[in-house]
Structure formats: C-alpha cells, structure tokens
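As a plain string of letters, each chain reads:
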Amino acid sequence: MTVIEARDVKFKYSDIWILNDIAFQTREGEFLGIIGPNGSGKTTLIKVIDGLLVPDEGVVCFRGKNIRHFRRNDIAKVVAVVPQDIPLGFPFTVQEIVMMGRSPHLGRLRFEGASDFEIVRMAMETADVLPFASRSINELSGGERQRVLIARALAQEPQVILLDESTAFLDIKHQIAFFDLMKSLNKEKGLTVIAVTHDMNLASLYCDRIMLLDGGRVHTIGAPDEVLTQSNIREVYDTDVLVDLNPATGSPRVTLLASHPLD
C-alpha cells in the first residue's frame, strides 16, 4: 500500500525554483533514502512531505489524501521528523523532551495521563534512553541526543518517520547504531522511513530504494545498485568514484578517488 506519494511537486523560494516535477511513491514499511548534492532540494522536500511547506504546484498525499487537507496536529500524529540535533537551550530532561512527542495527541485542554507516560516510557526503552530519563538533555553526547529524538518521534506513534541528515554530526560508531535502530523499527514495527543523507554507503546498506536528486529534480530512483553507479554519480556530483560490491553485504560500495593521488 502506498503511504506517501508526491505528484509533480514544484516549490520555489521567491522566484527561485527549488523542487521541479518531483514524483515518487513510498510503500508501507519501506526504507527510502534521499541523496544528492548540496542545494539539490533534499531538506526542502522533507519539509514539503511534512506539510511545513506548501507546494506551488502538485500535491503530496498521505494514504491517498492531500496532506494540505490535514490539520497540523493530525499530520504530527502520522508523520514524525528526526532532525540533526536538538538546539541546546533550556535544560529539559530526557523524559520531558520525549513527552513533547505526545503534544499532537493532547490538544489544548488535556494533560498527560497514565497512558501517555506509558507510551513515553516504552519509546525511551525502545530507543535505549530510559536510563537517562531524568538527566538534562544538555548532559548527553551527540549519539545519545539522537536516540532521544528517535524516542520523541516514537512517542508521536507515527506511521512515517522522516530523517533529515540525522547522523550528520555523529561518528561512525553512532551512525551505524542510529541506522541499526531505525532499520529494526522499520522491520519490526512496519514504520515507513524516508532518510535524507549525504552518506551513499549508509544509504546503500540500509535503504530498500534510493532517490537521487539533482537540481531539484529526480535524477534516478530505484534499488541501490540501480542508483549508485559510476555514471550517475559522475553526472550528478561531477566526481569520479569507484563503485564495487561490499564483500560483506553484496551492496554497492562507493569509494572516493583522489584528484591528485600521492606517490
């Protein structure tokens, strides 16, 4: 079943077109990666899918219904976003941050009840941050904060999770841990995941399909071995790479080639 569908979506800031004729579908329980150079429209597309930006042309649908016909709270009940990081300001505790994910379900006149606290507890347990529940978010490492953001997203009880370069500031260990967790949620809970990333190898390892954007358009969309080719990468990134198979997984592996190799 199709969960998210974009139909000929166009979006512009002032008179500059950022997205042009974007069309794709994501199936229920799919893990879709979005890659592309800086300025190719990846984050703008995430905001359009989440309903934060309204397309100038075309529509984005959730289960066949135009997302513009949803109230903001109703979108947040089915779509959650995990950003790059939490702005460090007021020292909220981990539990308070995760409880923020219940906001769409509470409304203006309802306070948190026993069921909300149980959902938050389960979300923290799933994201492995329950031991940090009473600690300030400011005391946590980057990897720990990202798990808190996953817990907050899970507390929304969404059907779709959008990852907006969520591992951009993490080291290799925490990048793998993050994507391992998202893949397990994708498989075990049937969550549809749409992940923007600059890391082609992470996309290759974890995504069912990859969409390559170029200048606000879909250059290629398909299985990792259909998208991560030397010719596609050369054409979009203007960079020569070596693409072979990961000996451990059989997935495409992208290796950078130095412009001026050392002797």
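So, a few notes on the structure that sits alongside this text. (Residues numbered from 1 in each chain as written. Predicted model: local features only at pLDDT ≥ 70, side-chain atom pairs only at ≥ 80, totals over all residues. Heavy atoms only, no water.)

### Some points on a nonpolar patch on the surface
- Side chains of F90, F92 and M100 sit close together on the surface and give an oily, nonpolar patch of about 290 Å² of accessible area.
- Considering the arrangement of structural elements, one finds M100 in the loop between α3 (94-99) and α4 (103-106). (Patch = residues over 30% accessible without salt bridge, like charges linked within 9 Å, V, L, I, M, F, W, Y side chains within 5 Å. Areas by Shrake-Rupley, 256 points an atom, 1.4 Å probe, with all protein chains shown as cover. Salt bridge = Lys/Arg side-chain N within 4 Å of Asp/Glu carboxyl O. Helix = DSSP H or I, 4+ residues; strand = E, 2+ residues; numbered from the N terminus.)

### Digging into helix α1 (residues 42-49)
- Most of α1 is tucked away, with six of its eight residues classed as buried.
- Taken residue by residue, α1 has K42, T44, L45, I46, V48 and I49 as its buried positions.
- Just downstream of α1, G51 is the residue with a positive phi angle, here 80°. (Buried < 20%, exposed > 50% of the residue type's maximum accessible area, 1.4 Å probe, protein only.)

### Quick look at the nonpolar core
- Membership of the largest hydrophobic core comes to 48 residues, with the highest contact counts inside it found for V98, V148, I161 and M182.
- With seven residues, helix α6 (residues 142-155) is the largest single contributor of residues to this core.
- Listed in part, the 29 residues of the second largest apolar core include A6, I75, V160 and M211. (Core = buried A, V, L, I, M, F, W, Y, C linked by side-chain atoms within 4.5 Å.)

### With respect to the sheet that holds strand β1 (residues 2-13)
- The four strands lie next to each other as β2-β1-β4-β5, forming an open sheet whose pairing is antiparallel. Edge positions in the sheet fall to β2 (16-27) and β5 (65-66), since each has one partner strand and no second.
- Where α1 meets the sheet, its contacts fall on β1, β2 and β4 (57-62), and the angle it forms with β2 comes to roughly 60°. (Pairing = 2+ DSSP bridges. Contact = heavy atoms within 4.5 Å. Axes fitted to C-alpha atoms, helices over the stretch in contact; angles between N-to-C directions.)

### Considerations on empty space enclosed by the protein
- Here the structure, examined in full by the defined rule, presents two cavities of 30 Å³ or more.
- What lines the largest cavity is G143, R147, H174, A177 and F178.
- Mapped by element, the contributors of at least two residues to the lining of the largest cavity are α6 and α7 (172-188).
- Every residue along the wall of the second largest cavity is listed here: L163, E165, S166, T167, F178, F179, A195, V196 and T197. (1 Å grid on protein atoms, 1.4 Å probe; cavity = no way out; pocket = protein on both sides within 12 Å on 5 of 7 lines; lining within 4 Å. Points joined across faces, edges and corners; volume = space filled by probe spheres on them.)

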